[in-house]
Each structure stands twice: as C-alpha cells, then as structure tokens.
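Listed below are the residues making up each chain.
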Amino acid sequence: MIKLNDFKTADDRKVFYIEDDSADGGIPLLKFHLFDRLPFVDYGITTRAGGVSEGIFSALNLSYTRGDEKIAVDENYHRTAVSLHAKISDFVLTDQTHTVNIRTVSRKDCGKGILREKDYQDIDGLITDEPDIVLSAFFADCVPLLFIDPVHRAIGVSHSGWRGTVAGMGRETVRAMQEAYGSSPKELYGAVGPSICQSCYEVSEDVAFRFMEQFPQAGEELCMPGAPGKYQLNLWKANELVLLEAGIQKEHLAVTNICTCCNPKLLFSHRASKGKRGNFGAFIKLR
C-alpha cells in the first residue's frame, strides 16, 4: 500500500493525503486537505500505483498515445473510475497541446477520448457545472490545476506546462468559469498539483526571460541562475502567482510540495525517464 511518507517532499507542509480504495477495486489517489471542506466533489490525482500496465508504463498509465496496450489502459481507467465513484462513460479527456484553450463540457461530451473520438482539438482545460462528468487531464512533469466554485457548484481542471503557465492558464480557467457560471475568483478554491520542482527544472535563457518579463517582482524564487546560459524555473511559484493575481484568495489555494522528477517511481516524469513513460491524471467531478 502506497503511503504519503513514500514521497520525497520539498518541505513539511501537509498539503496532501492519500485515499486508497485498492481493497475495493480502486486505486490510491492523492488528495488535498484544503478540499476536504467541499464534500460535493469527487476528485484525485493518480500515482503510478494500482494499475496493470507493464514496463515503462508500470503500473497505472492513463495514456492511450504513448505505446501502451489498450486493454491495460482500459483496465486502469476502470480502476480509476471506482475510486472516483464514476463510470468509464463519465470521463471527458483533454486534447493537450500546451494551449490556454478551455472547453465547457456537458453530458453530451461524456466518453470522449475513451469510448469515442474527441470532436475537439487543442484543449488544455475543461470546465463544467453538470454533475457526474469526470473532467480529466494528464501529466508527467507539467502542472495540474484544479478549481472548485462552491457557490455556483462548478469545477475545472487544466494542464499547465511552461508555455501554458507563462500565458496564464490558471487565469484563463478562472476567466472561463466567470463567464460560464458567474464564478467569483474570491470564492473559488484552487490547487496546484504535483509537477517538476525548481531544482529539477532547468530551462534555457529565452524561456527564463519570458518568465522574468511576465513576473518582474518574483526574482530568484521564480528563476534562479544555474549552469551557463541556463536557469532553474519554479513552475509551482509561477502558477501560484497566476492564480493569486487572478483573484483566488491565498487561504483558498493549495500549492504542491511533491516533485514528479524527484519521485519517478511514484509519479510519471518525462525528464527523469528521458521520455520513456506514461501519464498520470488529475480528475474532478461534481456529485
């Protein structure tokens, strides 16, 4: 059974806990203590534990596009569905291409990406206010973002790599929820999920300069000089700044302290595996 102390964390903050439904046919899910006060949602971030995939995909790979056996990925989704109190037909998948495009989804979208073809492209974020729709996004170093509006009963999930982060994916998701549901940023709850940490994430000078221009007051907490012509980029901090500037209150925001690259046996990491990997997922639905 996987335990939280199996993870190497950046600090001692109690951001996460693990809910493990393996005994009931489900899987372990990483969950945020902050979201415990919002009992009308089912959600979680998967780890590598609890699945049936083999080799570089071991064990809970949720990607159909990286070479894994479809029958294994299907079973991994079935187990994930059990832990989310959902069915396979409830899932709606992103079509991630590092954009800041958000799609508003409804029951008519359910099953897209698993049971039937997606009829949309270039979608890195999903939002809904309808129950029993599992919004789904996928990761292997990029940043999962989760959103809950407890007033209008709406939710969102977004994929934010460096391109999405510097373009303000978190802000765009908040804006989409405002426009679609009347969500107030100060009432939203948000979370920044497990992703690559600053110590592990070396970027080129041109990427670093884009972040310095976008966040001029952040200093080395955001971009720390590294090897010649390189910088260490803090995606956790950048996404926190984006969400705070979008109007989410600090007390309504959980920011990760788990690095994918520091925990490659527990979470898929593109950098740690040199691209030989599957994907873990971030999922959320309204009850």
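Above this text is the structure in question.
Report follows, based on the coordinates. The shown structure was predicted, so the numbers you read here are calculated from the model rather than taken from an experiment.

**Observations regarding the environment of L188**
Then, in step 1: Among the structural elements, L188 can be located in the loop between α3 (169–181) and β10 (189–192).
Then, in step 2: The spacing of L188 and T97 is 91 residues in sequence and 26 Å in space, taken between C-alpha atoms.
Then, in step 3: With residues near it in sequence (within four places) discarded, L188 still touches I148, D149, V174, M177, S183, I248 and H252.

**Re the packing of aromatic side chains**
Then, in step 1: Applying the stated criterion to the full structure yields ten aromatic pairs.
Then, in step 2: When the centroid spacing of 5.5 Å and the interplanar angle of 90° are considered together, the rings of Y77 and F91 count as edge-to-face. Of this pair, Y77 sits in helix α1 (residues 70–83) while F91 sits in strand β4 (residues 91–93), and the two are 14 residues apart along the sequence.
Then, in step 3: Through a chain of ring-to-ring contacts, three or more aromatic side chains come together here, namely Y64, Y77, F91, F138 and F283.
Then, in step 4: Taking the ring centre of Y43 as reference, the NZ or CZ of K31 above it sits at 4.9 Å.
Then, in step 5: The residue whose ring lies beneath R153 is F40, and the NZ or CZ to ring-centre distance is 4.0 Å.

**A few points about the pattern of salt bridges**
Then, in step 1: As enumerated under the stated definition, the model contains 19 salt bridges in all.
Then, in step 2: Note that K112 and D119 form a salt bridge whose closest N and O atoms lie 3.0 Å from each other.
Then, in step 3: Of the residues examined, K112 reaches a relative accessible area of 5% and is grouped as buried.
Then, in step 4: Salt bridges sharing partners connect three or more residues here, namely D42, D132, K285 and R287.

**Considerations on the state of the cysteines**
Then, in step 1: Tallying each qualifying case throughout the model produces zero disulfides.
Then, in step 2: A disulfide-free cysteine, C223 has its sulfur positioned 14 Å from the sulfur of C197, the nearest such atom.
Then, in step 3: Not part of a disulfide, C261 finds its nearest cysteine sulfur in C200, a span of 4.0 Å.

**A look at the environment of G193**
Then, in step 1: Mapped onto the secondary structure, G193 falls in the loop between β10 and β11 (202–204).
Then, in step 2: G193 sits 149 residues away from G44 along the chain, and the two C-alpha atoms are 9.9 Å apart.

**Here's the deal with the sheet that holds strand β12 (residues 223–225)**
Then, in step 1: Strands sit in the order β11-β13-β12 across an open sheet of three strands; the sheet is antiparallel. Of all the strands in the sheet, just β11 and β12 have a single pairing partner and so form its edges. With direction set aside, neighbouring strand axes in the sheet form an average angle of 45°.
Then, in step 2: The sheet contact formed by β12 and strand β13 (residues 230–233) spans three bridges and is antiparallel. Counterpart to M224 in the pairing with β13 is Q232.
Then, in step 3: Where helix α4 (residues 205–214) meets the sheet, its contacts fall on β11, β12 and β13, and the angle it forms with β11 comes to roughly 95°.

**Examining the pairing of strand β15 (residues 280–286)**
Along a regular strand, successive side chains alternate from one face of the sheet to the other.
Then, in step 1: Most of β15 is tucked away: seven of the seven residues are buried.
Then, in step 2: Residues F280, A282, I284 and L286 point to one face of β15 and G281, F283 and K285 to the other, with burial holding for every one of them.
Then, in step 3: Pairing analysis gives five bridges linking strand β3 (residues 41–46) to β15, with the strands arranged antiparallel. For Y43, the partnering residue across the bridge sits in β15 and is I284.
Then, in step 4: Bridge count between strand β7 (residues 134–139) and β15: five bridges; the pairing is antiparallel. When the bridges of β15 are listed, F138 appears paired with G281.

**A word on the layout of surface pockets**
Then, in step 1: Taken as a whole, the largest pocket holds about 890 Å³ of empty space.
Then, in step 2: Around the largest pocket, the lining is made up of 33 residues, and of these T65, Q96, F138, R277 and N279 lie nearest the centre.
Then, in step 3: Breaking the lining of the largest pocket down by element, the ones donating at least two residues are β7, α2 (162–166) and α6 (270–273).
Then, in step 4: Considering only residue class, the lining of the largest pocket consists of 13 nonpolar, eleven polar and nine charged.

What counts, and where the lines are drawn
- Residues numbered from 1 in each chain as written.
- Predicted model: local features only at pLDDT ≥ 70, side-chain atom pairs only at ≥ 80, totals over all residues.
- Heavy atoms only, no water.
- Helix = DSSP H or I, 4+ residues; strand = E, 2+ residues; numbered from the N terminus.
- Contact = heavy atoms within 4.5 Å.
- Phe/Tyr/Trp six-rings, centres within 6.5 Å; stacked < 30°, edge-to-face > 60°.
- Lys NZ or Arg CZ within 6 Å of the ring centre and 35° of its normal.
- Salt bridge = Lys/Arg side-chain N within 4 Å of Asp/Glu carboxyl O.
- Buried < 20%, exposed > 50% of the residue type's maximum accessible area, 1.4 Å probe, protein only.
- Disulfide = S-S within 2.5 Å.
- Pairing = 2+ DSSP bridges.
- Axes fitted to C-alpha atoms, helices over the stretch in contact; angles between N-to-C directions.
- 1 Å grid on protein atoms, 1.4 Å probe; cavity = no way out; pocket = protein on both sides within 12 Å on 5 of 7 lines; lining within 4 Å.
- Points joined across faces, edges and corners; volume = space filled by probe spheres on them.
- Nonpolar A, V, L, I, M, F, W, Y, C, P; charged D, E, K, R; others polar.

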